[in-house]
Amino acid sequence: MLSRESFIMFSLFFIRTRTQGKIAIDDFDRRVIRDTIEQFYTVQRVVPTVKKLIPVLQEKINWQWSTTSLRKVLNEMGFVWKKCQNKRVLLLERADIVDWRARFLVKIKHMREEGKKIFYLDESWIDNNLTTGKCWQKEKDVVGVTAWGSSSKRLIIASVGSERGFLKESQLIFEARSTQGDYHGKMNSRNFERWLQTSVLPNLPPASVIVMDNAPYHSRQVDRTPSRYDTKVSMVAWLHKKGIVCDVSQRKEALYKLVEENRPPNKIYAVDVMAAEMGHTILRLPPYNCDLNAIEWAWAKIKREFRQHNITGDMSAENLRRLTIEAFHSVNAADWEGYCKKVKELEAEYWRHDGVMEIAMDAIVINTSAGSDDANDDDDNYDTLTSTRRPAAD
């Protein structure tokens, strides 16, 4: 049996082991990573590998973690390794993300040219340890704020802003896990849709555009198309609503074939319908591109305001709410004008970036056959874009 001292030492070692490998980078660091990959291809004409990226990132963003951690971050950012026809492996952003971004950039450009007002929407949380985070990135398959860590109080915040500042009527602050008031404990589709319908949409100028991400609670589908894993009863019910003759005596394979044949071309989301009914448009950001949401820059200033308060120990709920409101007030219209200008510059930069990358990649025929994704980038077995593969060292 372990002695008390041995148990304490073992526990401390276990805690250090579990926490020392945590990757502490933000969305703006991820932007630097993406830009660095582009520079390898377009400026240096060198295939970026994890081993080549790490020393550059150590200098640019003080990267302190392993090659495995960088591979994980790249995967989370939507990058994959693809084999081209000569068997060389290239690190590329997923094609569906690049295509989505192109559609987004074209749409928002046209909307601005039409004179529509652009508003940026997002939610976050703030706890009494003076930390902040995303409402929907805590755990996979878990919607809303549920993980509390060492903090005893946590507020969920949501707002909307434009180049004129925060839309004050839309600001929402409520306590996580609370069962009082209109919002019960976490941000989910029910709470989000109530807030959007009562506090956001009625206070927007006519024919406004709302830019937001694809959080799960933003994406509740209307008339969701059954998947192959749904029950036969749900498939039959969906097909009957479409006027298609079928019954549960049919094999599931046959029912799902009918579902696929009658699947609508696009998913329909509840909030998109809600906005359209009030004359507004929802424009969804491409995945991994929160830097194109101007409110993210406002959150960054709010976070700095929190960190500037040298407070030891936990704050009371009253002080936490007061400090949150003060942090909101620190972001003024001039700040927002700068954030929106910065986002426009980023949009232009992405358009240029993606075009340059297209030109760089046109010289390389990517083998997109099944099984071409490679979880290993083969590190430094590749030289420049014009070279051949070097034999691996013995």
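Computed from a predicted structure; not experimentally measured. (Residues numbered from 1 in each chain as written. Predicted model: local features only at pLDDT ≥ 70, side-chain atom pairs only at ≥ 80, totals over all residues. Heavy atoms only, no water.)

Novice: Please clarify how the overall build of the protein should be interpreted in this entry.
Specialist: Broken down by element type, the protein carries 12 helices and 9 strands. When burial is assessed residue by residue, the protein has 44% of its 394 residues classed as buried. Sequence separation of at least 24 residues holds for 67% of the intrachain contacts in the protein that already meet a minimum separation of 6. Of the roughly 21800 Å² of accessible surface on the protein, 52% is carried by carbon and sulfur atoms. (Helix = DSSP H or I, 4+ residues; strand = E, 2+ residues; numbered from the N terminus. Buried < 20%, exposed > 50% of the residue type's maximum accessible area, 1.4 Å probe, protein only. Contact = heavy atoms within 4.5 Å. Areas by Shrake-Rupley, 256 points an atom, 1.4 Å probe, with all protein chains shown as cover.)

Novice: Would you mind going over the packing of helix H10 (residues 295-307) against helix H11 (residues 317-329) with me for this structure?
Specialist: The relative placement of two packed helices is expressed as an angle between their axes plus a distance between the axes. Contact pair H10 / H11: the axes reach a minimum separation of 9 Å and the direction vectors enclose 130°. Considering the angle they form, H10 stands oblique to H11. Crossing of H10 over H11 shows right-handed handedness. Contacts from Trp-299, Ile-302, Glu-305 and Phe-306 of H10 reach H11 at Leu-320, Leu-323, Thr-324, Ala-327 and Phe-328. The class makeup of the residues in the contact of H10 with H11 is 7 nonpolar, 1 polar and 1 charged. (Axes fitted to C-alpha atoms, helices over the stretch in contact; angles between N-to-C directions. Parallel < 35°, antiparallel > 145°, perpendicular 65-115°, else oblique. Left-handed = near helix turned anticlockwise from the far one by under 90°. Nonpolar A, V, L, I, M, F, W, Y, C, P; charged D, E, K, R; others polar.)

Novice: It is not clear to me how the packing of aromatic side chains should be interpreted in this structure. Could you clarify?
Specialist: To describe a pair of aromatic rings, one takes the distance between the centres and the angle between the planes. Applying the stated criterion to the full structure yields 7 aromatic pairs. Pairing Phe-166 with Trp-336 gives two aromatic rings, centres 5.3 Å apart and planes at 80°, and the pair type is edge-to-face. Of this pair, Phe-166 sits in strand S6 (residues 165-166) while Trp-336 sits in helix H12 (residues 333-362), and the two are 170 residues apart along the sequence. Each member of the pair, Phe-166 as well as Trp-336, carries the same accessibility label: buried. Here the aromatic rings of Phe-192 and Tyr-217 are separated by 5.9 Å at their centres, their planes lie at 50°, and the arrangement is tilted. Residue Phe-192 is located in helix H6 (residues 189-200), and its partner Tyr-217 is located in the loop between strand S8 (209-212) and helix H7 (232-241); the two are separated by 25 residues in the primary sequence. Taking relative accessible area as the criterion, Tyr-217 reaches 1% and is therefore assigned buried. Among the aromatic residues, those joined into a ring-pair cluster are Phe-166, Trp-299, Phe-328, Trp-336 and Tyr-339. Directly above the ring of Tyr-350 sits Arg-31, whose terminal nitrogen or CZ lies 4.1 Å from the centroid. Above the face of the Trp-125 ring, Arg-154 is positioned so that its terminal group lies 3.7 Å from the ring centre. (Phe/Tyr/Trp six-rings, centres within 6.5 Å; stacked < 30°, edge-to-face > 60°. Lys NZ or Arg CZ within 6 Å of the ring centre and 35° of its normal.)

Novice: Which parts of the structure should I look at to understand the pattern of salt bridges?
Specialist: Opposite charge on two side chains permits pairing when their charged atoms draw close. One pass over the structure, following the stated rule, counts 19 salt bridges. Asp-230 is the salt-bridge partner of Arg-224, the closest N and O atoms lying 3.1 Å from each other. Looking at Arg-224, the relative accessible area reads 44%, which means it is partly exposed. Residues participating in the shared-partner salt-bridge network are Arg-31, Asp-35, Asp-291 and Glu-349. (Salt bridge = Lys/Arg side-chain N within 4 Å of Asp/Glu carboxyl O.)

Novice: What is the right way to read helix H5 (residues 95-113) from this model?
Specialist: Since there are 3.6 residues in each turn of an α-helix, residues three or four apart along the chain are aligned in direction. Taking 1.5 Å as the rise per residue, H5 with 19 residues should run 27 Å; its terminal C-alpha atoms sit 27 Å apart, in good agreement. Among the residues of H5, Ile-97, Arg-101, Phe-104, Leu-105, Ile-108 and Met-111 are the ones counted as buried. Mapping the buried residues of H5 onto a view down its axis gives an arc of 135°, with all of them on the same face. Those residues of H5 that are exposed and aimed more than 90 degrees away from the buried face are Ala-95 and Glu-113. Positioned one or two residues after H5, Gly-115 has a phi angle of 85°, which is positive. (Expected span 1.5 Å × (residues − 1). Arc of directions from axis to C-beta.)

Novice: Got a minute to help me understand the nonpolar core in this structure?
Specialist: A general trend in soluble globular proteins is that nonpolar side chains are found buried together. Phe-104, Tyr-120, Phe-166, Val-211, Ile-302 and Trp-336 are the most contacted members of the largest nonpolar core, which totals 34 residues. Contributions of two or more residues to this core are made by H5, strand S3 (118-127), strand S5 (154-162), S8, H10, H11 and H12. Other than its neighbours up to four places away in sequence, Ile-302 contacts Ile-126, Phe-166, Ala-327, Phe-328 and Val-331. Residues Ile-25, Val-50, Leu-57 and Met-77 belong to the second largest nonpolar core, which totals 25 residues. (Core = buried A, V, L, I, M, F, W, Y, C linked by side-chain atoms within 4.5 Å.)

Novice: Help me understand H6, please; the structure alone is not making it clear to me.
Specialist: Every buried residue of H6 is listed here: Asn-191, Phe-192, Glu-193, Trp-195, Leu-196, Ser-199 and Val-200. Along its buried surface, H6 packs onto S3, S5, strand S7 (172-175), S8 and helix H9 (270-277).

Novice: What should I look at first to understand the pairing of S5 in this one?
Specialist: Regular strands place side chains that alternate from one sheet face to the opposite one. By the criterion of burial, S5 is predominantly enclosed, with 9 of the 9 residues buried. Burial along S5 is two-sided: the face carrying Arg-154, Ile-156, Ala-158, Val-160 and Ser-162 and the face carrying Leu-155, Ile-157, Ser-159 and Gly-161 are both buried. Relative to S5, S3 runs antiparallel, the two sharing 8 bridges. Each bridged residue has a counterpart across the sheet, and for Asp-122 the counterpart in S5 is Ser-159. In this sheet, S6 lies alongside S5 in antiparallel orientation, the contact comprising 2 bridges. Bridge pairing in S6 links Ser-162 to Gly-165. Two successive antiparallel strands, S5 and S6, enclose a turn made up of 2 residues. (Pairing = 2+ DSSP bridges.)

Geometric values such as these leave the question of function open.
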